[in-house]
Structure formats: structure tokens, C-alpha cells
Protein chains: 2
Amino acid sequence: MDRTQKIIAGDLRAVARIIRDIDDGLPEAREILKELYPQTGRAYIVGITGSPGVGKSTLVDRMIQYLRTQGKTVGVLAVDPTSPFSGGAILGDRIRMQRHSTDEGVFIRSLATRGHFGGLTPSTRGAIAVLDAMGKDYILVETVGVGQDEIEIVRAAHTTLIVLIPGMGDDIQAIKAGILEAGDVFVINKCEREGTQKTRQELQMMIEMDKDRKFKGGWKPTIFATEAVKNEGIDELMTGIEEHRTFLLQKDTACFDRFQQDRARMELFDLVKQDVVQSVMEHLTRTGQWDEFIRELVQKKTDPYTQSERILAHYLRTGDAL
Amino acid sequence: MDRTQKIIAGDLRAVARIIRDIDDGLPEAREILKELYPQTGRAYIVGITGSPGVGKSTLVDRMIQYLRTQGKTVGVLAVDPTSPFSGGAILGDRIRMQRHSTDEGVFIRSLATRGHFGGLTPSTRGAIAVLDAMGKDYILVETVGVGQDEIEIVRAAHTTLIVLIPGMGDDIQAIKAGILEAGDVFVINKCEREGTQKTRQELQMMIEMDKDRKFKGGWKPTIFATEAVKNEGIDELMTGIEEHRTFLLQKDTACFDRFQQDRARMELFDLVKQDVVQSVMEHLTRTGQWDEFIRELVQKKTDPYTQSERILAHYLRTGDAL
């Protein structure tokens, strides 16, 4: 069997290796992803995001547990976009998930933040495609933080969970309007703390105010309260995810079609961005022109806007249709 | 006076307008930025980042207050990368900062998240350049969150503040290693809460462990505790920022030169990324090919990797040097 066949057959070593190769941006990885593409589209992808400290890892652990008792196989990707300098996955394969390490139905990996030219979105999508092609029923993608990157990552998911905790102060209220639009399901974790009811009411109010949800066919986000460390509220949450799945996949075909198109559009856009930028930058670096440009900028002999336009004019031909 | 001259002269209406135009990506804004470029490089830029709820706005408010009593003029940019869907600045010009609204030495603006093709970094840099060219002594750039975008934004700063609060749970400990490398100065705000000493010790330990700091000439990050709502610890913090400024600007010229080069490199890279991607995408959209490609992808007639390579091959000529 070649590497692609091994991945499709679920060979753990082959899967681990391809995810590493994707993260490292190796050209072979890309060729394999091309071959895997026809095998993708079967897994159900759940994105989980939220600020540090809200208990995402514990929640994911409980979700794995639940899905396993339902007989589902699970792939987990922990994406860590917080370390652009060290370029390594800090979280590692989370300690709390270690107990699943002997379960063949669970595959857990962390992704670092390589992908200097295109951000980490393309490598995350690639890793999702691998877990999909290897036949996992559910793929849980956990990201740290609530920035734009994280939201882009979770947009690749069918169902996006936004995890909050009660009483996170004024700032969290301010950003809710932003994350609201990205969330299909809201989870108030650590719900035994004071303020759960207030947070729930505020969320509810914002959902009600958001009359014209354009994304994902007008689904009205739902709210669940969990105490993940005690395994409380998990059944209800998972039922809630299932409800969204039903809505998305069966409500009417136009809704799902648009979702599929949105995903394809994002995926291709991210790749084009990565490929075009990487190609131009590699060329500028190889010819030594890049360093010269930087010198000119520092000396204020030119400005970056004019310089970028020169680069554009030189490298791009936009005359006729492809 | 033309628009550029008005901005340099500090005309508030002209400044507000150009920042809006930059945020909206208007071509005229870019031409003005070219003209402003020679006037930039005088302001001292301080980036402030941290999770929602740590009290960044209050801290920034106190910093403005301090700098004003020192007779310094201050520009403030509140960057909100959390709303890629609504595309608007949610935070507005923060309520807590309103009291500075009658002070001519203070200019406060929020930036939204336009810039569909290149992220919000180029528009933030543009706005910084405007405040710099208008003659502000200090520019405070506040961002919500601790994701990659935010770190890229604060990398444009001379001094980067990472704001924490005591006892944010396990996850914050895990990401510290990532944000550590981005921070020049750490601020433990809300320091009257339990756990300040522990958080300080943990930070200290991680700083000690980080033997080979490559960025910014080997500066060893410092830690300050503040209770911003009570205006406590602000003097010490500001002195700490001044120390870093002295280190950066005077320690040895090689250090500052490298910093200037790093900044120029990031700025040009971000612009090239934005320009190249925008140009290719606009062309694909205009010719209607983009929609066709998406259809083919949804039908799995092709894969996104091959498709992106086709686009690259068509639009890019990388034969000879510029």
C-alpha cells in the first residue's frame, strides 16, 4: 500500500506522519492531500473555541467520552495559534485526553503554527481532511482563543461551539456580538459558578436581536450549561449538536448546498492566498531582492505601498481568463 | 492645504477621515499613506494585548492620563479583530476613554476588521502611520484577544505589553509560553485578587527559562502589578516602559537597526500579501471563473490543491528578477 492507501485504511503511523508533514508544509503532503480529497466529506466536524481558561479541553474530553459510548469514532485536532514565534504546538496532545490513548476509535493530534505564508488555516483543513479520509465519524477541532484566526478555523466546522464561563467581565460582553455570529451552539461551562443565569440571559438577548442570520441557513443558536469536570450537561449538549446537524443536513437542500459552497470557497481562497504569497516571497528571497527592498525602506528611499505595487506589477499577469 | 498636509498639521477631521478611508480600503487612502511615509518613525508605539476581561481599556485610560501629565501627546487605536462577520468595530471609541475627548493632546479611534484579503494588520499599520505623521508622541495600540492576529499587530509596536489577571486557570498557563515571546512587559492587572504572587512567580520562571531571546535584542521581559481601576502601579509600569524604550533606542545601534529592519520586513510582507491576493481574487471574481471553480470543487471534479496550482501557474510569472 502507498501512503495514501495506508491513510484511508486508518494506519495510525501513516496518519500521524501525514499530519506532521502537512504542518511542516512538505510538498509530498500536498500530493497526498490531492489523492485523499475524493475520500473526504463524510465526517461531521465540530469546532470548539473560547477564551483561555473556560475549560475547553475538559469539555472535549467529555464529548469524546459521549461519542464513544454511542459507538462513534472520533478524531481530535487541538490547534494552537498563539505561538507564531516558537512555531511549535505548546499544548501537546493534551494530558487530560491521555486516557483515550489506548482507544483505537480515538485519534488526537495537536497542530502548531507553521504555514508562514498562509496562516494556519490551510494546515488545519488538511489535517481535518486526513481524519475525514481515514474514516472518523466525528472530528472535534479545538482552538485556543477568540481571535479572527480561531473563527476562521471553526468556520470549517459543521457545528461551531463557543465556550464561555459565567461572569467574565465587561470585555466579554463587548466581544459577544462578534463571536455570536460564529456560534451555532453556546456552552456556558463551569456553570456552577455565580452568574450563569445572567450570562445565559445576555446571550439569549443577543441571539433574539440578531434577526437576519445569513450564515448557515438561519439557524438560531442554542445555549447549554455544562460543568464539564463533573460530566454534567454533556448529554444535553450533545443532543443539541445533533439537532444542529439535523437542521444543517436535512432541513432543505438549499441550506446544505450553500454551506458546502461556503466551505469550498473558504478552502480554495486560503490555498490561493498561501500559494500565491509563498511563490512571490520565495522568488524575492532567492534573488536577494527582498533584503534590498527592506534596506531601501529603512532608509526611507521608498515607501512600502509603492514597493508592493512594483512587486505586484512585476509578478502578476492579469490579462486574460484562465 | 491638501489632505496630506492637513493630516501632518494635525487637522482632526482630516485624520479621522483618512483612518476611516484606510479601514474601508479606499485607493486614495493609499496614495496619502505614500505621502505620509517620510513623516513617520518619530512616535513611540506601545502595543497592549491580553484576553477579554483583564481590564485593558482601564489600563489604557490610566496610561493616557499618565502620559498627559508628562506633557506627551497620545494617539490610541483600539483594534477589534473579533468580528469578521459583521465587519464593524464593536467596541466603538471606548466609553471609559470619553473623558479624554475634550483633550486636544489625545486622539482615540477604533478600527474594525475590514481588509478581507490581507487581514487587519495593514490597516492597523496605516492608522499607526497616520497618528505618527500627525505628530503624536506616543501611540497606544490596544487589541482584544491573544491570537496570532493580535500578536502580529503588537509586533509593530516598540514595546509590547501583555496584560494578565491573577489565577486565570490552567489554560492561561499553557499559552504563556506562546505569548511570552511576544511580551516586553507583563502586567498583572487586578492585582488585589488572589493569586498575583503565584502568577508573577510563574511568569518569572518562564522568563528565566527562555535563555535565548532572539527578538528585540535580548531584552529580558519585566513584570508589573497594577490595579488600574484604582490607578495603582501605573507610575511603576510607565517607568518600566521607559526602561524598555531606553534599551531599545540606545543600548547599541545594532539592536535598534535590527528592530527597524524587522518592522519594515513585516510591513512590506503584509502589504505584498494583501496586494497580490486582492489582485488575483478580483480578477477571478470579475471573470466569473471563481464561481465556476467553487462548483467544480463541490462536485469533487477537482481538488482545491490542484485548482490553486492552476491559478498560480496562470497568474504568476516568476522568471526573472524585478
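From a predicted model like this one, the values you see are computed outputs, not experimental measurements.

1. Let's talk about the overall build of chain A
Looking only at helices and strands, chain A has 12 helices and seven strands in total. Buried positions account for 50% of the 322 residues belonging to chain A. Look at the contacts in chain A between residues 6 or more apart in sequence, and 74% of them connect residues 24 or more apart.

2. Digging into the environment of Asn231 of chain A
Inspection of the secondary structure puts Asn231 of chain A in the loop between strand 7 (222-225) and helix 9 (234-250). Spatially, the C-alpha atom of Asn231 of chain A lies 20 Å from that of Gly105 of chain A, the residues being 126 residues apart in sequence.

3. A closer look at the packing of helix 4 (residues 56-69) of chain B against helix 9 (residues 234-250) of chain B
Residue and element names in this part refer to chain B. Running from N to C, helix 4 and helix 9 cross one another at 75°; their axes reach a closest spacing of 10 Å. Taken as axis vectors, helix 4 and helix 9 run roughly perpendicular relative to one another. Each of Arg62, Met63 and Tyr66 in helix 4 lies in contact with helix 9, whose residues at this interface are Ile234, Asp235 and Met238. Taken together, the residues of the contact of helix 4 with helix 9 break down into four nonpolar, no polar and two charged.

4. Here we look at the environment of Leu297 of chain A
Locating Leu297 of chain A in the fold gives a position in helix 11 (residues 289-298). Judged by the 21 C-beta atoms lying within 10 Å of it, Leu297 of chain A is buried. Considered as a pair, Leu297 of chain A and Gln307 of chain A are 10 residues apart in the sequence and their alpha carbons are 8.7 Å apart. Those residues within four positions of Leu297 of chain A in sequence are excluded, and the remaining contacts are Thr302, Pro304 and Gln307 of chain A together with Ala264 and Leu268 of chain B.

5. Comments concerning the nonpolar core
In terms of nonpolar packing, the biggest core is built from 154 residues, with Val130 and Leu140 of chain A together with Val130 and Leu140 of chain B touching the most fellow members. Shared between two domains, this core holds at least three residues of each, these being domain 1 (40-259) and domain 2 (269-315) of chain B. Setting aside residues up to four positions removed in sequence, Leu140 of chain A forms contacts with Val46, Ile48, Val60, Met63, Val74 and Val76 of chain A.

6. Considering the pairing of strand 3 (residues 106-111) of chain A
A regular strand places its side chains on the two faces of the sheet in alternate fashion. Residue and element names in this part refer to chain A. Among the six residues in strand 3, five count as buried, and that is most of the element. Here strand 2 (residues 74-79) pairs with strand 3 via six bridges, running parallel. Looking at strand 3, one finds that Val79 is bridged to Leu111.

7. Thoughts on the sheet that holds strand 5 (residues 159-164) of chain A
Residue and element names in this part refer to chain A. Reading across from one edge, 3-2-4-1-5-6-7 is the order of the seven strands in this open sheet, with parallel pairing throughout. One side of each edge strand has no neighbouring strand; the edge strands of this open sheet are strand 3 and strand 7. Across the sheet, the mean angle separating the axes of adjacent strands is 20° when strand polarity is ignored.

8. Concerning helix 11 of chain A
Residues and elements named next belong to chain A. Considered for burial, the residues of helix 11 that qualify are Trp290, Phe293, Ile294 and Leu297. Seen end-on, helix 11 carries its buried residues on one side only, within an arc spanning 100°. Structural note: helix 11 exposes Glu292 and Arg295 on the side pointing more than 90 degrees away from its buried face.

9. Points about the confidence of the model for chain A
All names here are of chain A. Across chain A, the average pLDDT comes to 82, with 79% of residues at 70 or higher. Below a pLDDT of 50 lies the segment residues 82-94, which in the model reaches 43 contacts outside its immediate sequence neighbourhood of four places, other chains included. pLDDT under 50 marks residues 170-177. Its contacts with residues more than four places away, or in other chains, come to 19 contacts. ipTM for the predicted complex: 0.82, alongside a pTM of 0.76.

10. Quick look at the sheet that holds strand 5 (residues 159-164) of chain B
Residues and elements named next belong to chain B. If you trace the seven strands from one edge of the open sheet to the other, you get 3-2-4-1-5-6-7, paired in parallel fashion. Looking at the sheet topology across the chains shown, the edges are occupied by strand 3 (106-111) and strand 7 (222-225). Between one strand axis and the next, the sheet turns by 20° as a mean value, whatever way the strands run.

11. Side note on the environment of Gln70 of chain B
Residue and element names in this part refer to chain B. Positionally, Gln70 belongs in the loop between helix 4 and strand 2 (74-79). When the 11 C-beta atoms within 10 Å are taken as the criterion, Gln70 is described as exposed. Put simply, Gln70 and Tyr37 are 33 residues apart on the chain and 27 Å apart in space, counted from C-alpha to C-alpha.

12. A few points about unusual backbone geometry
Residue and element names in this part refer to chain A. Residues other than glycine seldom take positive phi values, yet Lys300 does so here, at roughly 55°. Looking at the element boundaries, Lys300 is found in the loop between helix 11 and helix 12 (304-315). A tally of 13 C-beta atoms within 10 Å means that Lys300 is categorised as partly exposed.

Rules behind the numbers
Positions within a chain are numbered from 1, following the residues in the order the chain's sequence is written. The order in which chains are written sets their letters, starting at A; the order in which ligands are written sets their numbers, starting at 1. Local features in a predicted model are, by the rule used here, given only for residues with pLDDT of at least 70; side-chain atom pairs are given and counted only at 80 or more, and totals for whole chains, interfaces and linings are based on all residues. Secondary structure elements are defined from DSSP: runs of H or I of at least 4 residues count as helices, runs of E of at least 2 residues count as strands, and each element is numbered from the N terminus. Burial is judged by counting other C-beta atoms within 10 Å of a residue's own C-beta: 20 or more means buried, 12 or fewer means exposed, and anything between counts as partly exposed, with every C-beta placed from the backbone. Two residues form a contact once the distance between their C-beta atoms, set from the backbone, is within 7 Å. Here an axis means a line fitted to C-alpha atoms, over the contact stretch when the element is a helix, while the angle between two N-to-C directions is reported on a 0 to 180 degree scale. An angle below 35 degrees is read as roughly parallel, one above 145 as roughly antiparallel, one from 65 to 115 as roughly perpendicular, and any other as oblique. As a working rule, the residues Ala, Val, Leu, Ile, Met, Phe, Trp, Tyr, Cys and Pro are called nonpolar, Asp, Glu, Lys and Arg charged, and the rest polar, with Gly in that last group. In this usage, the nonpolar core is the set of buried Ala, Val, Leu, Ile, Met, Phe, Trp, Tyr and Cys residues whose C-beta atoms join them within 7 Å. The split of the chain into domains comes from an automatic or database domain assignment. Paired strands, in this sense, are two strands between which DSSP finds at least two bridges. In this description, the arc belongs to the directions extending from the helix axis to the C-beta atoms. By definition, pLDDT measures how confident the predictor is in each residue, and it falls between 0 and 100.

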